[in-house]
Structure formats: structure tokens, C-alpha cells
Amino acid sequence: MISRVKAAVTGLLGGSLSSKQSALPAPCTPEKETPSVPVAKPQPPCRPSFLKLSPEEFQKSGDHNARIVLTLETPEELHWGTGYAEVINAGKSHHNEDQACCEFLVVEDSDLKHNSLQSDQNLNTDLQILCKVNDKFSFYYWGLFDGHAGYGCALTASKLLQLQICDQLRELVHILQQTTAAPLCLEPDTRNRNENVSGMSTPEITNPPAETTMRFHLEKQVFPESLVIGALENAFKQMDKRIERERTTHSIDGGCCALVTVYLMGKLYVANAGDSRAIIIREGKTIEMSHEFTPETERQRLQLLASINPELLGNEFTCLEFPRRIQQKELKKRMLYRDHTMTGWAYKTIEEDDMKFPLVYGEGKKARVMATIGVTRGFGDHDLKVYNSNISIKPFLSCMPGVKVYDLDGCDHNADDVMIMGTDGLWDVITDREVADIVQRIFTSHGPDQSNRYNLAAQELVLRTRGVRKENSWRLPTGKLASLDDISVFVIPLAGQGR
Ligand code: MG
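Fair warning: this is a prediction, and the values are worked out from it, not measured in the lab.

## Re the coordination of the magnesium ion
- Donor atoms from the polypeptide that bind the magnesium ion are D146 (OD), D424 (OD) and D485 (OD), placed at 2.1 to 2.2 Å.
- Sequence spacing of the donor residues for the magnesium ion, all on one chain, is D-x277-D-x60-D. Pair noted here: D146 is in strand β4 (residues 138–148) and D424 is in helix α7 (residues 424–427), with a separation of 278 residues, a long-range link. With respect to class, D146 is no different from D424; both count as buried.

What follows is the structure, given as C-alpha cells:
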């Protein structure tokens, strides 16, 4: 088994792998007889409906050699004048496995609950907003879904996650509306507002007025903001459960990362599960609005899980990390290591167990969990196994998002202040600063009166990171390798839109 993993990793490290999942072939057990249960047809590939592609344009968009950058027909296509652009990968997968969604949704009170998620919805048609119109409680929504090992999971999440969020928020309508209209304050807010429930820093969070604090006769203070965060977290959980339930009947393949932004009651909530990223550019400065979840950033969580449940390692992997692979001749010798409790390194004497393959191995984009997958959060992957084994990867993957909150209405913004949401195809070859500089250059040449400027900024970001084709490769202006991945970008203006 270890030799199998070794061979797989050698292939990984030597190649130009850019997908999140290793290029290992999936275990194949072909059916010799017609299965008795009909197999559902997979959803046909498609691009976001707001791009309004004709069949011919859709066909051309899939050309891995041309890599045509797609963008909106008119700047009014998306709410707030949001800009969007995308391009397909350079051949790592047949279809563009990124998906995007931009919606305005209205939530009704749970007493009027419309059981939208129970309805027999056709996943192959564009989303219809099923929530009843109510002008008192609504939210704006942007979502990017970066699929791997197929587009099915990303496509499903792009069509349904917003409804899961709607369903969770529905339970809160009466509480949140009451909070706005009739505060339930019993005590002033003394909590440290620079830390939200996800344990992440929340830049630009301003202390809410004391009267927005709720106690509900509980011993702990509960803030409206943390109720929304909880709703997002539960929506992600429900989405992953639904994909698990319906992956066979709807032939939902692979997995996906998810990055969504919700604007609700004056605040932007950015929920991220995976390695897509969001930043805010405000007065030329960049503010990180998401945290990447990769085998490296989540090493300690993965190691802790494995140390508590060693059976998950299938007696083939070690949960310890070493600075390099241990060789047989190093048995009983001293070597640096770290476990789930450590961020630094210490020495230990190498034992037989340490010769197993590391649970987390590789660096940067080549880091993998069990030599198999390069992201640790997102939806799907319920059937993913370590190559040629029965060891399941899913227990190590989490669908839980990290959520950051930005007090949009509490800050002044000008027309050049934007939020950038991008899949890793964008961020792999460009820094936050470079993104801010590119966007600024577009805004300098296209003033605030030009409604297409956000779309042009999105288009320019994709063009720059896709690069140009030179000698059978794609190159950045610097000559370095450009992004070979699918690239999808939203540019969301922050000044006075929709409020
Ligand atoms: Mg990607």
C-alpha cells in the first residue's frame, strides 16, 4: 500500500498538477450486467444563466486552446452593477468546473413557510426564486463554486445553496425583524467585536448600538450577527447532506469549494469552505475577507482527528508530520516532527509506525490529504477513497465555512471600493496587491460615471491571470506560467448599491 501511495505522490510532485484532487485514476469496477436500478443522467454542463450564452457561444467557451474570456452582455445584468468574468482551464478537465450564482432573495416568515426544498425541483433548469415576496426581509447573494473530479457538485451547489440559506434564515425572520424594529437590549454590548464566532478577525466591524443586543432570557448574549453566521453554517451542512443523499439519484459527481457573500441588514457575510478567496479593496488598501482551507492550513485539525480516530488511517498512514519522507535506514535515528498540538518542530526517535505515509504531505498547491486531495473543506466527495484502497477521505473533509463579517453600512465607500471574489485560478498567480493595482488602473481610465467599469475590471483580472498563449503554454506578462485552471471573478461595488 505504501509503495502505491509513494508512486502516486511521485507522479504528483513531478507533474504540473493544478487540480484539487490528485490525478489518480478512480477505482474502476465496471458493471458486467445491466444494473437493476436505473442510473440517473448527469446534469448537462452549462455556464451561469446570467451570461446568456447562445449554444454556439457555449460551444466556443469550451475551447481549451482559445480560452475565450466570457463576461456580461450589459453591466445591468447583475444587481449592484456587479462585474463578472470567467475562462475555462487549459485542459486539466473537459468542462469548466467552476460555477457562479448571483441572486436577490426574499425570505418569508416561517409561519408562511413555502417548502421550496421539498419540491420536486428540476436541477437541469435555471433556479426560480421560490421564496414568497416580502419587502421587509431580503438579501443579496453571490456565490462561486470550484468543482473537482467533475462539475456536478459545483453545479448543484450553485443552484441550491441559496435556497438552503433562505430556509435557515426563514426561522429567524421574526427575531431579526423584531431586533431592527423593537430592540430587545438588556445590557450594553461589551464583547470584543474583533472576533466573531468562527474565531476569525472581522475587519471594519463596528460596535453595534447597544440596543441591537439580544438576550432572550439566556445567560449568554446572542447577537443578530451570530444568528446569521449560524444560519450560513447550517445551510452549508444541509447542502452537503443533500448532496450526499441525492448524489446517486441526480448523478452528482465530485466535490467543490464554496465561497459565498450575503448582504443582509447592512452587513456583508462572507462564508468560505475551500481555497477560493475574497478581498475588499477600500481606499486602495486590501482587506482579506476569507481564510483558505487547505491540507497545510488545516494540518492540526486533520492530525487531531486522526489521533482520536486512528482507524481512519487504515493502518497505512501516520498522523505525524516530518520535514521529509523517512527512509528505512533512518529507523531508530532522531528526526524532526510535529503532531496536532504543535506549530513548531521537535525531535523524536523514529519508530516503525513513523515509516507510514504522512496524512498530510507536500507543500503549497501540491499538499495533499492522504496523497489524494488538495482542499479540506467544501461539498461532496462522499465516495472519495485513497487510490486502490477502501480508506475514505470524507471524514477528514469538512463542509463548515469560515465566516467573516464586514459592516458595509457602517463604513463610507467611494465608487472605487469593491469586493473581489475569485476562485483559486485567479489567486494562484497573482497577489492581493496586484489585483488592487489592476482594478485601480481600470477605474482610473473608466470613471465612476461608466457603468461597465466593474465588468471591465473583472474581465481584466481574468485576462491578466489567464495570460497569453506562447509555445504551447500560457504565460503572464512577466514570462511566468499563467493560471491553467478555470478562473471565475466577481467585482462587487460597495458604494451605496442596493441600500
Ligand atoms: Mg480552481
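Text resumes after the structure shown.
## Focus on helix α6 (residues 299–308)
- Turning to α6, its buried residues number three or more, namely R299, L302, Q303 and A306. Buried positions in α6, seen along its axis, are confined to an arc of 95° and lie on one side of it.

## Things to note about the packing of helix α3 (residues 152–170) against helix α5 (residues 224–246)
- Running from amino to carboxyl end, α3 crosses α5 at an angle of 135°, the nearest separation of the two axes being 8 Å. Relative to α5, the element α3 lies oblique. Relative to α5, the crossing made by α3 is right-handed. Taken together, the residues of α5 that come into contact with α3 (itself represented by C153, T156, A157, L160, L161, Q164, I165, Q168 and L169) are V228, A231, L232, N234, A235, F236, Q238, M239, R242 and I243.
- Of the residues contributing to the contact of α3 with α5, the split by class is 13 nonpolar, five polar and one charged.

## Remarks on empty space enclosed by the protein
- Here the structure, examined in full by the defined rule, presents two cavities of 30 Å³ or more.
- The space that makes up the largest cavity amounts to roughly 60 Å³.
- Partitioned by chemical class, the residues of the lining of the largest cavity number five nonpolar, five polar and three charged.

## Observations regarding unusual backbone geometry
- Despite not being glycine, A149 shows a phi value in the positive range, around 55°.
- You can see A149 is positioned in the loop between β4 and α3.
- We classify A149 as partly exposed; its relative accessible area is 44%.
- One non-glycine residue, D381, lies in the positive phi region at around 60°.
- Tracing the backbone shows D381 in the loop between β15 (379–380) and β16 (402–406).

## Points about the pattern of salt bridges
- Going through the model one piece at a time under the given rule, you end up with 22 salt bridges.
- A salt bridge links K348 to D354; the nearest nitrogen and oxygen atoms lie 2.5 Å apart. D354 shares its class with K348; the two are buried.
- The partner of K365 in a salt bridge is D428, and the shortest N-O contact between them spans 3.3 Å. Residue K365 is located in the loop between β13 (360–361) and β14 (368–369), and its partner D428 is located in the loop between α7 and α8 (432–445); the two are separated by 63 residues in the primary sequence.
- Taking the relative accessible area as the measure of exposure, D428 reaches 36% and is therefore partly exposed.
- Beyond isolated ion pairs, a larger network of salt bridges with shared partners links D275, K365, D424 and D428.

## Considerations on the side chain of D98
- Among the secondary structure elements, D98 is positioned in strand β3 (residues 98–106).
- Of note is the side chain of D98, whose polar atom sits 2.9 Å from the side chain of S488.
- The contact partners of D98, leaving out residues within four places of it in the chain, are R47, F145, D146, G147, T423, D486, I487 and S488.

## Quick look at the sheet that holds strand β20 (residues 487–493)
- Within the open sheet, the six strands sit side by side as β1-β2-β20-β17-β7-β8. Their pairing is antiparallel. This sheet does not close on itself; its edge strands, each paired only once, are β1 (70–71) and β8 (285–288).
- Two elements, strand β17 (residues 418–422) and β20, share five bridges in a ladder whose sense is antiparallel. Looking at β20, one finds that M421 is bridged to F490.
- Relative to the sheet, α8 contacts β7 (277–282), β8 and β17, its axis offset from that of β7 by approximately 50°.

About the criteria used
One numbering rule holds for all chains: residues counted from 1, following each sequence as written. Per-residue local features of the predicted model are confined to residues with pLDDT of at least 70, and side-chain atom pairs are confined, for both listing and counting, to 80 or more; whole-chain, interface and lining totals are unaffected and use all residues. Heavy atoms from the whole structure form the basis of all side-chain values; hydrogens and water molecules are not counted. The donor set comprises N, O and S atoms within 2.8 Å of the metal, extended to 3.2 Å for Na, K and Ca; water molecules are omitted, so apparent gaps in a site may simply reflect that omission. Only DSSP runs of H or I with at least four residues qualify as helices, and only runs of E with at least two residues qualify as strands; both kinds are numbered from the N terminus onward. Only protein chains enter the accessibility calculation, which uses a 1.4 Å probe; a residue whose area is less than 20% of its type maximum is buried, one above 50% is exposed, and one in between is partly exposed. By construction, the arc corresponds to the directions joining the helix axis to the C-beta atoms. Only the stretch in contact is used when a helix axis is fitted, and all axes are lines through C-alpha atoms; the angle between N-to-C directions ranges over 0 to 180 degrees. Roughly parallel means an angle under 35 degrees; roughly antiparallel means over 145; roughly perpendicular covers 65 to 115; every other angle is labelled oblique. Should the near helix be turned anticlockwise from the far one by less than a right angle, the crossing is termed left-handed; should it be turned clockwise, right-handed. The contact criterion used throughout is that any non-hydrogen atoms of two residues lie within 4.5 Å. In this classification, the charged set is Asp, Glu, Lys and Arg, the nonpolar set is Ala, Val, Leu, Ile, Met, Phe, Trp, Tyr, Cys and Pro, and all remaining amino acids, among them Gly, are polar. Detection works on a 1 Å grid of protein atoms alone, calling trapped sets that fit a 1.4 Å probe cavities and calling open sets with protein on both sides within 12 Å along at least five of seven lines pockets, with lining residues defined by an atom within 4 Å of a point. Grid points are joined across faces, edges and corners, and a volume is the space filled by probe spheres set on the points. Salt bridges are identified by distance alone: a Lys or Arg side-chain nitrogen within 4 Å of an Asp or Glu carboxyl oxygen. Any N or O atom pair separated by 3.5 Å or less is treated as a polar contact, with the protein-specific requirement of one donor-capable and one acceptor-capable atom, and with residues adjacent in sequence counted only for side-chain atom pairs. Strands are labelled as partners when DSSP assigns at least two bridges between them.

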